Amino acid sequence: MSRWQPTTNAKLGVVVYDYNGRQGDWRFLSLHLGDVVQILEECGGWYRGFLRREPARKGIFPSSFIHLKRHRLENAGRNETVTSSDDPVAQEVSCVLKEWSTIWKRLYKDHTNSQCATMKMLILQLIDFRSQIMSGTLPADDLLKLKKRVTSKIDWGNRTLNLDLVPRRDNGEIVNEDNSSVLDLFRVHQRCAQSLATATSTGTIKPIRTRSMAVHHLFVDVTGFACNVGDDAELLVSLFNLHSVKFVSERYMVKMSKNGTPKDVTKMGQLCALFTDLGTKELAGEVWLVFHIVRVGKMLASSGHDNRHTKQSNALYRRPFGCAAMSVAEILVGNLEPGDEEREHRLHIYQSTSEENFAQLHLNVMRKNQKEYRQLQQQGAAIFVSMRMLHGTLSSVIEDNPHLFQRSVAITRKLGFPDVIMPEEVRNDLYVVLDYGDFQQGSKTAPKNVEATLEVVSESGDILKDCIYPGAGEDPVDEFKSIILYHRNDPKWDETVKIVIPIETFYSCHLRLTFRHRTSNPAGSGAKGDKHSYLMSFVKLMNFDGTTLADTKHELVVYKCEPKYKLDQVRYLKLPFVKSDVSGKGSSTLGSQDLPPGIAVSPRESVVIRSLVCSTKLTHNVDLLGVLKWRLEPQKLENKLRALMKVGGEETVKFLQDTFDALFAILDDTMESYGHLVFEAIVFIIGLLSDKKYHHFRPVLESYIDRLFANATAHTKLIELLRRQVDHVDEGNAHQSLLKTMRGLEYIFRFIVRSRVLYAKATKGRGLTEFKHSLHSLFHSFNAMMVVDGDTKDYVVPIQAAALQHFPSTFGDLLQVLDVAELSTIVRDFIDSIPINKMTRFKMLSIRNIVTNSLFRRPEARMVLMPMVVKHLQLHLTQREELQQCVDILSELLIILEDTTVGATRDNTSVVVQCLFRTVLQAVAAVDRNSSYSGQLVSSLVAILRMMDVQHYHDYIRYFPDREVLLEFLTEVFAVFMDLVSRQPFPQDWFVMAMLHNSGILAGLTYFAEALPVNFLDGQLFDYQVWNTYFLVSVAFVCQDSLQLERYSPAKQHKVLQRYGDMRLKMNHQVLEMWNLLDDLKMRFIPDLVGPFVEMALIDHDEIRKNTIPAFVDMMDCELKSTGDFRRVESELIDKLDTYVSGGGRGDDRFKDTLFSMLSVETTQYPDLQKAGVSQFIESITQLLSRLLEFRNVPEGDENRNQRMSTISNLLHLYREMEREEMYLRYVYKLCGMHLQWGNYTEAALTLMLHAKKLEWHDFPAPRVPGKYAVATTHRRLKEMLYQDIIEYFDKGKLWEFSIDVSKELAHHYETATYDYEKLSSIYRTIGDSFHKIVHSVRATPSYFRVGFYGRDFLPSLKNKLFIYRGGEYENIGDFNARLMTEFPNAQMLKKSTPPDNDILESAGQCKYGRS
């Protein structure tokens, strides 16, 4: 026989079939589909283990019913831990589907069709998504996107079903409560709630996008080209900004064969381009993806518009064909449903109605100017493309998406610089746009077919090879030929090419354009046809002052060249090349002086090009160039430095490295003469980066300082120049310069520190003492600057504010040259130098930056800085100043103290507790719950409570100087806790925060309550108010809704109990322990605590009930010993049971049985109570609970009105027997209200008579009654009001005889007691009206029905009893029985009128008998 063996690989599994076990045999475990089991042992096809949701119960089950799962095993053996190795998101989906499926079934049963259909769709989507995740076939980036989509669907579904908000990080990972601080969790909840607020109706949560300077790229995959061009073609792809009406990218170029496939067969299926460096401008604009199709073939296509030419030249030309375009704005900004951005798009191809407008064809398509274009008349002609956005640097994008870049991907750059240019990035690209030309027709009979050829030529006449890129993805060429517009003297080309020339060659090169007429006639081509004059233009790339060609439009001079003129002699370079240079000069004059033989100016012809230089080494700006080459003219240095500070930021930021190198070189050579100007220039450039427009260049400067800055002596000069400025803060004329300096402190100190580090490396650490002394002197000057009175010198305030704002940004660098204690002392003295109640807002902002700085995470720094931070927080929280800033600082402070990676924090926590706890407590008490920082402030209080250990609590209590102050504190803390428990500070679905909040309050109540018996219990020390407040808040804590675990799913209950235990039970134990400590003082709390204890006993928790119920016996015994009876406890107990059971919906039959049994058992130990009749009292309240539960359990609605009135009638009789007048009257008026609601006016009047008959015609104080009768203060007034209503109800019920009797009694009272003859006359008129109605009105004779209810399934108030029902007007026995059957649909009608036998009386069903 095989034996049970511990499993080795089979540790975790999921149930795939239901298994019911074996009835009555505890050894077998019942399983349900989807259950997760942990396996301990195996034996012959059987497993032994337990359900993960019920780990305490172990059993055996068949192995064939289990599908094994991958797992991770820790601590193998007896105490092993087994966790699933499935993806966490897949595991979350499994748990969610289990929970949702139960809810979905309930929705289906409740016929909530719309919500049911929505959830069904969502569940099916999640099942599909989980399959994709578990398949393991998705690329990493696609998997990440899918997980984010899954978690957004889960969160949306939870919100739709009113389930709890799941706190998760941006990557979708659920936050672990055990490893997160309270404030961190609060912020995660806030962010998740904000994200959910953006959810669409399909459950997609769109991320909240912030303005970012990140680099973005558009990946374009041309998946199909379905078009018959008839010849070879070029497909040119680019991005176009419709808002600015210009192209924003290079052209991606694919050469296609006439059959529609790439000419380079290696590119088959790999027509991909990455449009890089898209910045915020491009993302914000209306950007389109544009495809231009250029035919490469003969002048006229075989099916062209001019069929008269039967013979054509064999020469191949670039000719316009068509265009396609689509908007990609939504793709760029990410406003798409997940998955949509990768779908394939189909673009129609359009042709221009007039070839001359081909350059504007894409614009006409975008603007839907349909007169200017037509759709290509080819069946199925289209371009197919898919796109997706990628984010990050180009290298990281390639690394993160290897599956995209396994193919050949053409890098297509932006026209211009990206938002960020790193120092090591060297670029020297020239973009030339061949725009348009205007040529003369000359002696030709028809307009020309002009072809432009672009070349790059050296000053020696050599044509540079392979430097012109007609489009990304294709090899460079020596020359570029334009498209030809047929018979157009004014061609509009609008073609962009990129020219890449080495820096050293750039200075000596120029662009040359030649223009020739190309004919379609074969006789006009060839050797003979080319011996004609031609046109030529050129443009130099460098200006005479050393700057590059301007980024603008250039109208070029057109020269007419004879065929014999040789261009390679470049004698034309001395001629002007732009029209503005020959303005006013005639061609003959220019020819006689400057023109070489064979060339002449053609004044009526012109060509326009546009240029854009993207170079990190060449500049357009003369002033910037003057500083970069300052050694050429050192005598003009002052003017050049001043001019530099007027140069536009766009140009300056592109040359950060060269500019800073030049400035520090000038500083070394001219410190005394121009040091202050150089310093201002450095500050100016740093200030440019503070502008949001150039903020994204900050990494460039940081990279330069850390990697390329090499001046090892600059630190002494910079410190001296900075100190001079700070010392002269009183001089008003220098305040603007100093303000800019304060704003640039971060990088000024980074330069200083980097220079000192370089110097220390070079000199092996020499000069450290002098350096530190100069730094301390500098910071002493800073402290003196902060003392200057801003009230008298208002220009100082912005400087001080800037210093406070930017000083913390220097800490990271200063730590390289100062130890932690030194720097912390400097920081503390700097903040403390600010006068009290001055610069509060800016001071608190600075303190927040200090707390969030990495310096504060070091224990040595906190020892110095913590007292300073706490001191200022305490001051301004007390004064209620800058509360948002104070709360933010406190939150950051507590997050750090809860972080286990920052070293020891207990002493820091002690400082916070001693100095801030009561201040925070008072702030919470005073805070407006609608304020933006309310939840954050409460979370801070909870965080402090959770951080405090036992010793912290004890030390804090001992901290109070005397008993009165301690009493005041305890009163405050209990009052705040009561407010937080009764008014939850967080949204209802923030369950995790609610549990953390409760755990903090539990700790606070537990430890602060220990001060009560020690300080406020004995003799004269006793304080009733603080004890009573403690009991009330503790009971409120136990009874709050969020802790009633029985309302939650088993999984949720297990999670809470595992992490926090049952907090109700813990608090319940403490409350009863504190109650027992009162001894003889208990009578002070009777009957006030009866109600709270009843509320606590009604909680659906057996142990809490068993703990609490004996307290009622104790209360009765105390009252009996004190007063001789226990009527006050009895009265209060009955009143509260009625309130909580009938009105509050609490309690059940189990509570009734438990209360009866425990009271019966507990009172047997008290002979005095037995003698006082406690047994009868127990019977009474048990009977009361039965009738209260019976009343509460009758459903609302007209169909159950008789049952409800019957149960109320039973309560009335019971309260009359118990002589509970107040309770009796409560239900009298409740019954009257029900009769009025259902139109039973006669019964309503008779019900009110029950109370009216108990009143006397005297001015005795009236009992308290609800509603409109509450204004009556005497018996006389109340009885009069009741009689008036009774008369009205009898009149409406047509029972005028009863109305007359009541009216006569009221008339007698008016006539003989109050002498109110006006009311008397009115009541006599009422009596007369009643008599008249009796005589003249038609009244139906009411039918009465005898009804019996037999069987055990009826309510106790109906079971085996007979009733007389009054039917409605003209209601017969059939209608009456039908009405009763509606009320009791499960009852059977008895056919006989004889009394039923015992079989019917004791039957399990319902039998009804009705007769008129």
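Below, the structure is looked at part by part. (Residues numbered from 1 in each chain as written. Predicted model: local features only at pLDDT ≥ 70, side-chain atom pairs only at ≥ 80, totals over all residues. Heavy atoms only, no water.)

**Let's talk about the pattern of salt bridges**
Item 1. Evaluation of the coordinates by the stated rule reveals 73 salt bridges.
Item 2. Of the charged contacts in the structure, one is a salt bridge between R318 and E495, with a shortest N-O distance of 2.9 Å. Of this pair, R318 sits in strand β15 (residues 317-327) while E495 is found in strand β25 (residues 492-500), placing the two residues 177 residues apart along the sequence.
Item 3. For E495, a relative accessible area of 3% corresponds to the buried category.
Item 4. For D1117, the salt bridge is made with K1121, and the minimal N-O distance between the two is 3.1 Å. A residue pair is termed a helical-turn pair when its members lie 3 or 4 positions apart in one helix, as D1117 and K1121 do in helix α38 (residues 1102-1123) at four residues.
Item 5. Residue class for D1117 comes out buried when judged on its relative accessible area of 6%.
Item 6. Residue class for K1121 comes out exposed when judged on its relative accessible area of 63%. (Salt bridge = Lys/Arg side-chain N within 4 Å of Asp/Glu carboxyl O. Helix = DSSP H or I, 4+ residues; strand = E, 2+ residues; numbered from the N terminus. Buried < 20%, exposed > 50% of the residue type's maximum accessible area, 1.4 Å probe, protein only.)

**Considering the pairing of strand β7 (residues 71-74)**
Item 1. As judged from the four bridges shared by β7 and strand β8 (residues 81-84), these two strands associate in the antiparallel manner. Along β8, the bridge assignment pairs H71 with S84.
Item 2. Counted along the chain from β7 to the antiparallel partner β8, the turn is six residues long, and its residue N75 has a positive phi close to 55°. (Pairing = 2+ DSSP bridges.)

**Concerning the state of the cysteines**
Item 1. Scanning the entire structure with this criterion turns up zero disulfides.
Item 2. With no disulfide of its own, C192 lies closest to C95 among cysteine sulfurs, the gap being 18 Å.
Item 3. Note on C561: no disulfide assigned, nearest cysteine sulfur contributed by C509 at a separation of 20 Å.
Item 4. The class of C561 is buried, set by a relative accessible area of 0%. (Disulfide = S-S within 2.5 Å.)

**Quick word on helix α31 (residues 963-982)**
Item 1. End to end, α31 covers 28 Å across 20 residues, agreeing with the expected 28 Å (1.5 Å per residue, within 8%).
Item 2. Buried residues along α31 sit in contact with α28 (906-926), α29 (934-947), α30 (950-958), α32 (991-1008), α33 (1011-1015) and α34 (1024-1039).
Item 3. The backbone nitrogen of E964 has a side-chain oxygen 3.2 Å away, supplied by the residue at the start of α31, namely D962. (Expected span 1.5 Å × (residues − 1). Contact = heavy atoms within 4.5 Å. Polar contact = N/O pair within 3.5 Å; in protein donor to acceptor, adjacent residues only side chain to side chain.)

**Details of a nonpolar patch on the surface**
Item 1. Nonpolar side chains collect at one region of the surface, where V16, Y17 and L33 lie side by side and expose about 310 Å² of accessible area between them.
Item 2. Counting through the fold element by element, Y17 comes out in the loop between β2 (12-15) and β3 (36-43).
Item 3. Y17 gets classed as exposed once you look at its relative accessible area, which sits at 52%. (Patch = residues over 30% accessible without salt bridge, like charges linked within 9 Å, V, L, I, M, F, W, Y side chains within 5 Å. Areas by Shrake-Rupley, 256 points an atom, 1.4 Å probe, with all protein chains shown as cover.)

**A word on the pairing of strand β27 (residues 534-540)**
Item 1. Among the seven residues in β27, six count as buried, and that is most of the element.
Item 2. Note: strand β26 (residues 509-517) against β27, six bridges, orientation antiparallel. Across the sheet, L511 pairs through a bridge with V539, a residue of β27.
Item 3. As judged from the three bridges shared by β27 and strand β28 (residues 553-561), these two strands associate in the antiparallel manner. Pairing of M536 across the sheet is with Y559, part of β28.

**Some points on empty space enclosed by the protein**
Item 1. For the structure shown, the criterion picks out two cavities of 30 Å³ or more.
Item 2. For the largest cavity, the calculated volume is near 160 Å³.
Item 3. Lining the largest cavity we find 16 residues, and of these F247, R251, H292, D494 and E495 sit closest to its centre.
Item 4. At the level of secondary structure, the elements contributing two or more residues to the lining of the largest cavity comprise β10 (232-241), β14 (287-297) and β25.
Item 5. Top contributing element to the lining of the largest cavity by residue count: β25, with four residues.
Item 6. Considering only residue class, the lining of the largest cavity consists of eight nonpolar, five polar and three charged.
Item 7. Lining the second largest cavity are E177, F991, V992, M995, K1055, V1056, R1059 and Y1060.
Item 8. Broken down by element, the lining of the second largest cavity gets its largest block of residues, four residues, from helix α35 (residues 1050-1060).
Item 9. A breakdown of the residues in the lining of the second largest cavity according to their chemical character gives five nonpolar, no polar and three charged. (1 Å grid on protein atoms, 1.4 Å probe; cavity = no way out; pocket = protein on both sides within 12 Å on 5 of 7 lines; lining within 4 Å. Points joined across faces, edges and corners; volume = space filled by probe spheres on them. Nonpolar A, V, L, I, M, F, W, Y, C, P; charged D, E, K, R; others polar.)

**Section: the sheet that holds strand β29 (residues 599-615)**
Item 1. Ordered in space as β23-β25-β21-β29-β28-β27-β26-β22-β24, the nine strands form an open sheet in which the pairing is antiparallel. The outermost strands of the open sheet, each flanked by one partner alone, are β23 (468-469) and β24 (479-481).
Item 2. Here strand β21 (residues 428-438) runs beside β25; their pairing, made up of seven bridges, is antiparallel. Within β25, the position partnered with D429 by the bridge is V500.

**Describing the environment of N162**
Item 1. Relative to the assigned elements, N162 resides in the loop between α3 (140-160) and α4 (182-197).
Item 2. Exposure remark for N162: the relative accessible area of 71% places this residue in the exposed category.
Item 3. With 827 residues separating them in the primary sequence, N162 and D989 have C-alpha atoms 7.3 Å apart.

**Here we look at the packing of aromatic side chains**
Item 1. Taken as a whole and assessed by the stated rule, the structure comprises 58 aromatic pairs.
Item 2. Judged by centre distance (6.0 Å) and plane angle (50°), the ring pair of F779 and F782 falls under tilted. Here F779 and its partner F782 are both found in helix α21 (residues 768-787), three residues apart, which amounts to about one turn of the helix.
Item 3. On the accessibility criterion, F779 (5% relative accessible area) is buried.
Item 4. The interplanar angle of 85° and the centroid separation of 5.2 Å between the aromatic rings of F991 and Y1048 together place this pair among those described as edge-to-face. With a gap of 57 residues between them, F991 in helix α32 and Y1048 in the loop between α34 and α35 connect regions that are remote in the sequence. The same class applies to F991 and to Y1048, which are both buried.
Item 5. In this structure an aromatic cluster arises from ring pairing among F974, F1022, Y1024, W1027, Y1030, F1031, W1075, F1085 and F1093. (Phe/Tyr/Trp six-rings, centres within 6.5 Å; stacked < 30°, edge-to-face > 60°.)

**A few points about the packing of helix α13 (residues 637-644) against helix α15 (residues 656-669)**
Item 1. Relative to each other, α13 and α15 sit at 140°, their axes nearing to 13 Å. By the angle between their directions, the pair α13 and α15 is classed as oblique. α13 and α15 meet at a crossing whose hand is left-handed. Within the contact between the two elements, α13 uses L637, L641 and L644 and α15 uses T659, L663 and I666.
Item 2. For the contact of α13 with α15, the per-class residue count stands at five nonpolar, one polar and no charged. (Axes fitted to C-alpha atoms, helices over the stretch in contact; angles between N-to-C directions. Parallel < 35°, antiparallel > 145°, perpendicular 65-115°, else oblique. Left-handed = near helix turned anticlockwise from the far one by under 90°.)

**A few points about the sheet that holds strand β16 (residues 344-348)**
Item 1. Spatially, five strands are ordered β16-β19-β9-β13-β20 in an open sheet, and the strand pairing comes out mixed. With partners counted over all chains shown, the strands left at the sheet margins are β16 and β20 (409-412), one partner each. The average angle at which neighbouring strand axes cross in this sheet is 30°, direction not considered.
Item 2. Looking at chain direction, β16 and strand β19 (residues 382-391) are connected through five bridges and run antiparallel. If you follow E344 over to β19, its bridge partner there is S386.

**A few points about the nonpolar core**
Item 1. Ranked by internal contacts, the top residues of the largest apolar core, which has 246 residues, are M742, L970, F1008, W1027 and F1093.
Item 2. Here the element with the most residues in this core is helix α16 (residues 671-690); it accounts for 13 residues.
Item 3. Not counting residues within four places of it along the chain, the set of residues in contact with L970 comprises F1008, A1011, L1012, F1016 and V1026.
Item 4. Counting residues in each nonpolar core, the second largest holds 74 residues, with L242, Y350, L464 and L511 among its members. (Core = buried A, V, L, I, M, F, W, Y, C linked by side-chain atoms within 4.5 Å.)

**Remarks on the packing of helix α1 (residues 88-109) against α3**
Axes are the key here: two packed helices are described by the angle between their axes and the distance separating the axes.
Item 1. At a closest axis distance of 11 Å, the pairing of α1 and α3 adopts a crossing angle of 25°. Between α1 and α3, the crossing angle belongs to the class labelled roughly parallel. The hand of the α1/α3 crossing is left-handed. Across the interface between the two elements, V89, E92, V93, V96 and W100 of α1 pack against K147, V150, T151, K153, I154, G157 and N158 of α3.
Item 2. Considered class by class, the residues forming the contact of α1 with α3 number six nonpolar, three polar and three charged.

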